[in-house]
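Residues per chain are reported as follows:
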Amino acid sequence: MNLRAHIVPDKRLLYLTSHRLQAFSWKVGVLAREGAFEAGEAGVAAFARYVAASPKSLYYLVADLVDEDFVQENLPYVRGGDRRALIARKLAQRYRDTTLALTLTLGTQQAARREERVLFSSFTNTQQFQPWLEALKTARLVGVYSLALIAPLLAKRIKLLAPSFVLMSHQESGLRQSYVEDGQIRFSRLGRAESADPRAAAEACAAESARIQQYLINLRVLSRESGPLDVVVLTPAAERRFYEAACSNNPRLNFHLVDLESACRSAGLKSAPEGLLCERLFLHVLAETQPRRQFAGDALRRHYHAWVARLALLSGGAAVCALCLLLSGLKFLDAALVREQLASDRLQESRGAQQYAGLQARFPKTPLSREDLKQTVQTFNAMLRQTVLPSPFLGEISTALATVPQVDLDKLDWEIAGSPRSRAAANVPRPESRRGAPAAGAPAASRLYEVADISARITGVQGGDYRAMKAIVSQFVDALRQRPGLEVVGTHMPFDFLADNTVAGDISEEERNEAPKFSITVSRRIGS
Amino acid sequence: MRLDRSDLKRLRGPIAAALILIGIGVAALIVSDNRLVEARKAQKAAQDQLRSTRDRVSRVAEEEREIRDNLVHFEKMASRGMVGAEKRLEWIESIAAIRQRRRLFEIRYTVDAQRVVDYPGIVQARKSDGTTFVASKLKLEMQLLHEGDLLDFLADLQTAGNSLVSPRSCSISRVEGAGGGGGPMRPRLRASCVVDMITLKTPDAA
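Below: a short report on this structure. As the structure is a prediction and not an experimental result, all values here were calculated from the model.

Remarks on the state of the cysteines
So, point 1. Under the defined criterion, the tally for this structure stands at one disulfide over all chains.
So, point 2. Paired by a disulfide, C170(B) and C193(B) hold their sulfur atoms 2.1 Å apart. Taking the sign of the S-S torsion, 115 degrees for the link of C170(B) and C193(B), the bridge is right-handed. Highlighted residues: C170(B) in strand β4 (residues 164-174) and C193(B) in strand β5 (residues 189-201), separated in sequence by 23 residues.
So, point 3. By relative accessible area, C193(B) is classed as buried at 3%.
So, point 4. As a non-bridged cysteine, C264(A) has C278(A) as the owner of its nearest cysteine sulfur, 7.6 Å distant.
So, point 5. Judged by its relative accessible area of 4%, C264(A) falls in the buried class.

Some remarks on the interface of chain A and chain B
So, point 1. The interface is formed by 76 residues belonging to chain A together with 79 residues belonging to chain B.
So, point 2. Taken over both partners, the interface formed by chain A and chain B buries close to 6900 Å², and the fraction arising from carbon and sulfur atoms is 69%.
So, point 3. When the buried surface of chain A facing chain B is broken down by residue, Y356(A), F380(A) and M383(A) rank first, second and third, together holding 9% of it.
So, point 4. At the surface where chain A touches chain B, the tally comes to five salt bridges.
So, point 5. Here D410(A) makes a salt bridge to R174(B), at a shortest N to O gap of 3.8 Å.
So, point 6. Where chain A packs against chain B, one counts 16 residue pairs in polar contact (both at pLDDT 80 or more).
So, point 7. Elements represented by at least two residues in the side of chain A that touches chain B include exactly α10 (302-360), α11 (370-385), α12 (391-402) and β14 (407-417) of chain A.
So, point 8. Here the side of chain A that touches chain B gets 35 residues from one element, more than from any other, and that element is α10(A).
So, point 9. Broken down by class, the residue content of the side of chain A that touches chain B amounts to 39 nonpolar, 18 polar and 19 charged.

Details of the sheet that holds strand β1 (residues 11-16) of chain A
By definition, the strands of a sheet pair up through backbone hydrogen bonds, in either a parallel or an antiparallel sense.
All names here are of chain A.
So, point 1. Spatially, five strands are ordered β3-β2-β1-β4-β8 in an open sheet, and the strand pairing comes out mixed. Of all strands in the sheet, those bounded by a partner on one side alone are β3 (30-38) and β8 (140-146). Sheet twist, expressed as the mean angle between neighbouring strand axes with direction ignored, is 20 degrees.
So, point 2. Where β1 lies against strand β2 (residues 20-27), six bridges are found, and the strand directions are antiparallel. Within β2, the position partnered with L16 by the bridge is L21.
So, point 3. Relative to the sheet, helix α5 (residues 147-157) contacts β1, β4 (58-63) and β8, its axis offset from that of β8 by approximately 80 degrees.
So, point 4. Docked against the sheet, helix α9 (residues 279-289) engages β1, β2, β3, β4 and β8, running at close to 140 degrees with respect to β1.

Points about the pattern of salt bridges
Residues and elements named next belong to chain A.
So, point 1. Throughout the structure, instances matching the rule amount to 38 salt bridges over all chains.
So, point 2. The salt bridge partner of E115 is R113, with a shortest N-O separation of 3.4 Å.
So, point 3. Judged by relative accessible area, which is 48%, R113 ranks as partly exposed.
So, point 4. Notably, a salt bridge pairs R189 with E208, separated by 2.5 Å at the nearest N-O pair.

Calculation rules
- Residues numbered from 1 in each chain as written.
- Chains lettered and ligands numbered in written order.
- Predicted model: local features only at pLDDT ≥ 70, side-chain atom pairs only at ≥ 80, totals over all residues.
- Heavy atoms only, no water.
- Disulfide = S-S within 2.5 Å.
- Helix = DSSP H or I, 4+ residues; strand = E, 2+ residues; numbered from the N terminus.
- Buried < 20%, exposed > 50% of the residue type's maximum accessible area, 1.4 Å probe, protein only.
- Contact = heavy atoms within 4.5 Å.
- Buried area = accessible area lost by both parts, 1.4 Å probe.
- Salt bridge = Lys/Arg side-chain N within 4 Å of Asp/Glu carboxyl O.
- Polar contact = N/O pair within 3.5 Å; in protein donor to acceptor, adjacent residues only side chain to side chain.
- Nonpolar A, V, L, I, M, F, W, Y, C, P; charged D, E, K, R; others polar.
- Pairing = 2+ DSSP bridges.
- Axes fitted to C-alpha atoms, helices over the stretch in contact; angles between N-to-C directions.

And the structure:
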């Protein structure tokens with residue numbers, strides 16, 4: 001299978017005149033004649049066989065006929081469906097058969113209301129197309145074109161820069177005169193010309209030029225004050241002298257003779273069959289540029305559209321695939337670079353590990369593994385921080401006790417505890433626990449306390465002298481508080497002065513002789 | 001462009017081909033993306049490891065110093081005699097020696113069964129070689145002339161070594177009727193203490 005032929009099929013150009021159809025193949029600027037088919041059943045049948053032989057080619061039908069109508073009209077400026085409906089209605093009003101009709105927008109103009117200038121064009125006698133189009137029914141017909149549609153493109157290819165001009169060209173069918181304004185076709189007609197006699201052809205060209213200028217003025221396409229009309233004449237080099245003689249400039253017309261062979265060369269036409277006049281240039285420009293606007297409706301172009309859809313699907317799929325493969329290739333490349341970097345990182349890591357192992361060899365030998373040794377030492381230090389002898393703490397209490405000789409110690413309970421206040425509160429239900437005491441619970445490691453419960457008695461004071469007792473206990477509490485780090489966290493007095501506790505007493509001789517007792521809980525944070 | 005049903009039927013092949021092509025492309029993209037993600041993940045892991053190795057190399061001097069420091073501490077523990085099996089006999093001998101040297105009254109003692117140290121805030125991580133700090137509760141009942149006897153006794157016990165001596169509680173109370181008369185050498189105070197004798201139990205000591 002020839003893939004290229006699938007993707008870029010051969011282009012076949014069909015040049016239709018009133019009496020025959022010529023078929024050409026076109027490839028990279030080379031135009032080759034493949035057949036000529038006379039109008040009539042035999043010619044059409046031969047043409048059908050020709051088309052059937054190349055079903056995958058793209059066919060361009062170029063009509064060069066007299067029956068081509070051009071009308072310009074201003075339409076209200078509408079868009080979308082409304083515009084389509086309006087244009088379809090206008091075409092139906094103007095032409096009996098709209099199968100070969102088109103519209104070209106010529107821009108908008110602002111009058112009392114905004115309007116769109118539209119050029120309607122159609123072949124008025126579509127009957128002469130029918131046999132040929134019937135033969136092309138199963139072919140990939142790209143479109144039906146006229147020389148008039150191609151004229152602006154041709155002018156651009158051969159670099160005609162005038163804003164408006166008439167392009168005069170001789171073809172097999174006659175003398176085509178196309179008026180181009182601002183790069184758009186505005187009017188075209190086919191006149192008779194004697195191709196066998198160059199002098200007569202040149203004179204006909206001059207005469208037709210004058211006639212079309214007058215006609216355009218009558219149609220109000222040209223204004224009378226617009227000055228001389230530029231007329232570009234495509235002339236074979238061999239016949240130039242006849243045209244120079246016949247086409248002389250005047251106040252109404254300015255002639256510009258363009259050498260046909262030079263124009264073909266500058267347009268990129270490399271070779272064409274002998275005997276072709278200007279149609280070769282038109283056909284070449286059409287094959288190269290393939291203008292969007294053409295006359296055929298969707299029904300005639302169905303197979304071409306199917307091919308375009310197929311091509312679009314395949315090329316779209318291939319494009320997406322190619323894009324994905326490209327991106328994927330870039331990602332693979334990126335991944336390869338990353339892996340390269342990864343290998344380098346691993347090598348460096350391995351060297352670093354070796355270096356570390358070498359340095360580690362110098363480390364002292366340890367009785368335990370390094371991590372275990374570290375944890376053991378950490379645990380030991382933590383335990384050491386919790387390990388205290390009671391002597392310093394008891395020494396502080398002893399110092400405080402020495403300042404209050406009336407206090408005689410009965411009992412002292414010392415221990416390491418987590419929460420001295422809650423402990424004191426548990427032992428002695430005193431409201432001192434309200435003073436911001438932490439809640440009872442598991443003590444934090446860093447908050448361990450030495451706690452001492454001091455039980456003592458007061459000597460030298462009568463049992464009923466609560467004021468003296470209170471003063472001595474307070475003196476002892478103050479002495480304890482003055483010792484660094486010591487905190488009194490609970491006191492149980494011989495008599496409870498606080499209003500929220502029940503008070504009971506026994507004022508008797510026996511009670512009076514007994515030394516009053518009290519208790520104090522004192523604490524010190526370990527490590528303070 | 002307008003296509004009818006029969007045209008669409010004929011486009012089945014190209015549609016399938018286009019879908020296959022797109023599928024191939026997308027599959028390639030997914031595979032390459034996965035490869036890239038994996039490679040980047042591996043690279044990140046390798047870079048983290050490299051960074052960690054470089055850190056270790058740069059901190060090797062610090063690590064060595066830390067090991068030496070730890071060794072000093074460990075040696076201190078060993079010199080206290082607290083590494084290895086419990087030295088209960090030595091403890092008892094120490095108690096007797098202190099009593100004799102200090103001329104103390106009666107000392108009664110009880111040593112409880114060994115247990116793992118479970119002080120608040122101390123979590124003993126499971127070590128690869130099975131070393132653990134264990135404590136045996138030593139309960140002491142003493143008769144004292146004065147409170148200094150107890151404090152001296154505890155200090156001497158700590159100095160004697162053979163373990164980390166960690167007093168947990170002590171209770172000192174007056175002996176009833178000892179306050180006034182009687183000879184000068186009668187005990188006036190009674191003390192009861194709980195002391196943890198901590199050792200580092202090693203696997204060979206188990």
